[in-house]
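Listed below, chain by chain, are the residues.
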Amino acid sequence: MDTIRINHGKRLSKRPFLPPFAVAVVFLVFIGLIVVMGVMNIQRIDKALTEFVEERALSIAGIVQNLAQENLNNLVQASRIERESSTPRKGVDVFSPKQLLVTALFNIGREVDNHWRKEKLDEGYLNRYASERGIFLIAIFDRKGRVVIQSRELSKEYLKGAHPTLVESGKLSMTLIEYLGATQRIGFVALKRKDGSGTVVIALDPEGLRFWGIKVSVEKAISELGESSGQGLYYFVVIDQKGKLISASGSVPGPWHPEDLQVSEVMAGLRRIDSRKVIYLGKPIFDVVVPLYLNGQIAGVVRMGLDREDTEKILEDNKKNIFANMGIITLIAFVSLWFLYHTQNKHLESIVAMERQLEKAERLSALGQLAAGLAHEIRNPLNAISMATQRLKREFMGGDELKNKEIQELLFVVRDEIRRLNGIVEEFLSFSRSRRLEFREFPLAELLQKIVNLMSEEAAVRGIVLKTKWEDDFYIPMDVDKLQQAFLNFIKNSIESMSDGGEVSLEIARERKGWVTVRIADTGCGISPEELEKIFSPEYTTKDKGFGLGLCLAHEIVRGHGGEIRVTSEKGKGSIFEIHLPEEKVNLTASSG
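Residues numbered from 1 in each chain as written. Predicted model: local features only at pLDDT ≥ 70, side-chain atom pairs only at ≥ 80, totals over all residues. Heavy atoms only, no water.

### A look at the sheet that holds strand β7 (residues 233–240)
Within a sheet, adjacent strands bond to each other through the backbone by hydrogen bonds, running parallel or antiparallel.
Thought 1: Spatially, the five strands line up as an open sheet ordered β8-β7-β11-β10-β9, and their pairing is antiparallel. Of all strands in the sheet, those with a lone pairing partner are β8 (245–250) and β9 (274–280), marking the two edges. For this sheet, the mean inter-axis angle between neighbouring strands, taken without regard to orientation, is 20 degrees.
Thought 2: Note: β9 against strand β10 (residues 283–294), seven bridges, orientation antiparallel. Residue pairing in the sheet places R276 in a bridge with D287 of β10.
Thought 3: Contacts from helix α4 (residues 206–225) reach β7, β8, β10 and β11 (297–307), with the element oriented near 15 degrees to β8. (Pairing = 2+ DSSP bridges. Helix = DSSP H or I, 4+ residues; strand = E, 2+ residues; numbered from the N terminus. Axes fitted to C-alpha atoms, helices over the stretch in contact; angles between N-to-C directions. Contact = heavy atoms within 4.5 Å.)

Right under this line is the structure:
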């Protein structure tokens, strides 16, 4: 069912104030800015969380570094005390790092001895074994003190001033550390078998002593670290400047690839820390590398794996909040832009409707003036023709019946055309006078009943039933003659829309405060959507004989009364005209002109 609403003659424009493409571009730009800001916030939070984890890594590395430095200082102090004292001191904490060093070397000697017993030793293997562990020399002597196998040729120069530490029956001595600070000496540890069948000698040069001193100091520091690092430390690895493993704890990952982290820059002191996010053993972790300072210099780097499940959870929660806020802002932006678009279009529709109303008023005014002048010009010749026909009838009617009949037929045609022309002239004159209204209070039901009485005979001839329904009589301000002409045109239009009988119903009701509605419904042919947009235009008509001024005149009269017209129609099922009239007079400039 198609509907058109006419409010004071306005026709709503469909042109948008802003093109949809422009609104879409503005919206997309705004959303793009929101997305960029959201991504930047996520990156900022991620960076802050990463910095927090890196600070934690630096704190853990700092603890290990301080403990290792303290152990190393104790190791050097123990060596100095032994050099200055003739009696070895035992049971003092300061000697603990030295004991760890000797124990570590003893374990190496025992491992070499086990391989010797199983006859799995050769010079090549022994040389690689010593090189990998930073040991200057590993040598095996038989019962008579002859060299059985050694990792390198031992020059007698190295033995000058050397004081080997003999380990017998599993008892460890601690005199080796005196050479830790020496520059031209080699320190020895000798492990003699209980059965006297041989001796394993391990020699450390100053560089080896430094490596093993750092190694045991760091290992003791890691053991002292204990639970102070908290949970979430998957591995802790220390590597020296040459890439040798100093110490490791936890599930140690494989070696680095060059593209993983900037290890060389950290090792050179160019970077304070470097980290990356990886999945290790199915867990999200931070793989972190920091420099290890001992004696004021970079002795190596610390690599550790820190759990990032908590930080990922925090990041995910923040992402959800950011995306939720982005969604809300996007929705608000969308609604705001839609409201702006809708409001501006409404303003434009009002402006365009006013322009069209003015244009139509000017056109109708010009048409009314033309109609008035044209009607007066046509009426005078019509009167003369009418008088001439009457005279012809009096003077030329004779005794010849056949001739009289022919003359009467001709005169009937002339009079009929004169009558039709008079009707056209009257229609034009009514249109030209429709804008001059004289208001007075008058009952609306009485006016409609008068029109029903006038049209009942014509409706009966066409087989059309006129039905009325009104209980209360409403007094409204009106120009009785003009409003009667308007309703007459509406009802006449409904009657003419039915060719094979039907029904026209008239109803009066108050549907909203201050307004009275007259509803005229018919069961005629209906109006198509295309015709519905044009029915109130003066240049439009669907009749073979007519100028299309009937509904246009009715519309102008209703508009002059400050009323509204709502038309609902469906092709083949009839139409409904709803005329809404105010119960109080509305002052309209257009109605007075």
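### Digging into the environment of L448
Thought 1: Among the secondary structure elements, L448 is positioned in helix α8 (residues 444–461).
Thought 2: The exposure class assigned to L448 is buried, which follows from its relative accessible area of 0%.
Thought 3: Sequence-wise, L448 and E507 are 59 residues apart; in three dimensions their C-alpha atoms are separated by 9.5 Å.
Thought 4: Each residue touching L448, except ones within four places of it in the same chain, is listed here: W470, F487, L506, I508 and V518. (Buried < 20%, exposed > 50% of the residue type's maximum accessible area, 1.4 Å probe, protein only.)

### Observations regarding the nonpolar core
Thought 1: In terms of nonpolar packing, the biggest core is built from 52 residues, with V112, W212 and M304 touching the most fellow members.
Thought 2: Sorting elements by how many residues they give to this core places helix α1 (residues 20–84) first, with 10 residues.
Thought 3: Ranked by size, the runner-up nonpolar core spans 43 residues in total, among them A445, M478, A486 and V518. (Core = buried A, V, L, I, M, F, W, Y, C linked by side-chain atoms within 4.5 Å.)

### Points about the packing of aromatic side chains
In this description, a pair of aromatic rings is defined by centroid distance and the angle of the planes.
Thought 1: Taken as a whole and judged by the stated rule, the model has four aromatic pairs.
Thought 2: Ring centres of F211 and W212 lie 6.0 Å apart, and the angle between their planes is 85 degrees; on these two criteria the pair is classed as edge-to-face. Across this residue pair, the class does not change: F211 and W212 are buried.
Thought 3: Seen in terms of ring centroids, F490 and F577 are 5.5 Å apart; in terms of plane orientation they differ by 45 degrees. Their pairing is tilted. Linking F490 in helix α9 (residues 480–496) with F577 in strand β18 (residues 574–582), this pair joins segments that are 87 residues apart in sequence.
Thought 4: Assessed through its relative accessible area of 1%, F490 is described here as buried.
Thought 5: Looking at F577, the relative accessible area reads 1%, which means it is buried.
Thought 6: Above the face of the W212 ring, K215 is positioned so that its terminal group lies 5.7 Å from the ring centre.
Thought 7: Here the basic side chain of R512 rests over the ring of W515, its NZ or CZ set 4.6 Å away from the ring centre. (Phe/Tyr/Trp six-rings, centres within 6.5 Å; stacked < 30°, edge-to-face > 60°. Lys NZ or Arg CZ within 6 Å of the ring centre and 35° of its normal.)

### Topic: α4
Thought 1: Between its first and last C-alpha, α4 extends 28 Å over 20 residues, near the 28 Å set by a 1.5 Å rise per residue.
Thought 2: For α4, the tally of buried residues reaches 15 of 20 residues, placing the bulk of the element in the interior. (Expected span 1.5 Å × (residues − 1).)

### What about the confidence of the model for the protein?
Thought 1: Here the protein shows a mean pLDDT of 77. Residues at 70 or above account for 77%.
Thought 2: Between the elements of the protein, mean pLDDT differs from a low of 38, seen in helix α12 (residues 589–592), to a high of 93, seen in strand β16 (residues 515–522).
Thought 3: Confidence drops under a pLDDT of 50 for residues 90–95, and excluding neighbours within four residues, the segment shows nine contacts in the predicted structure.
Thought 4: Counting contacts from residues 589–593, a segment whose pLDDT is below 50, to residues more than four positions away or on other chains yields seven contacts. (pLDDT = per-residue confidence, 0-100.)

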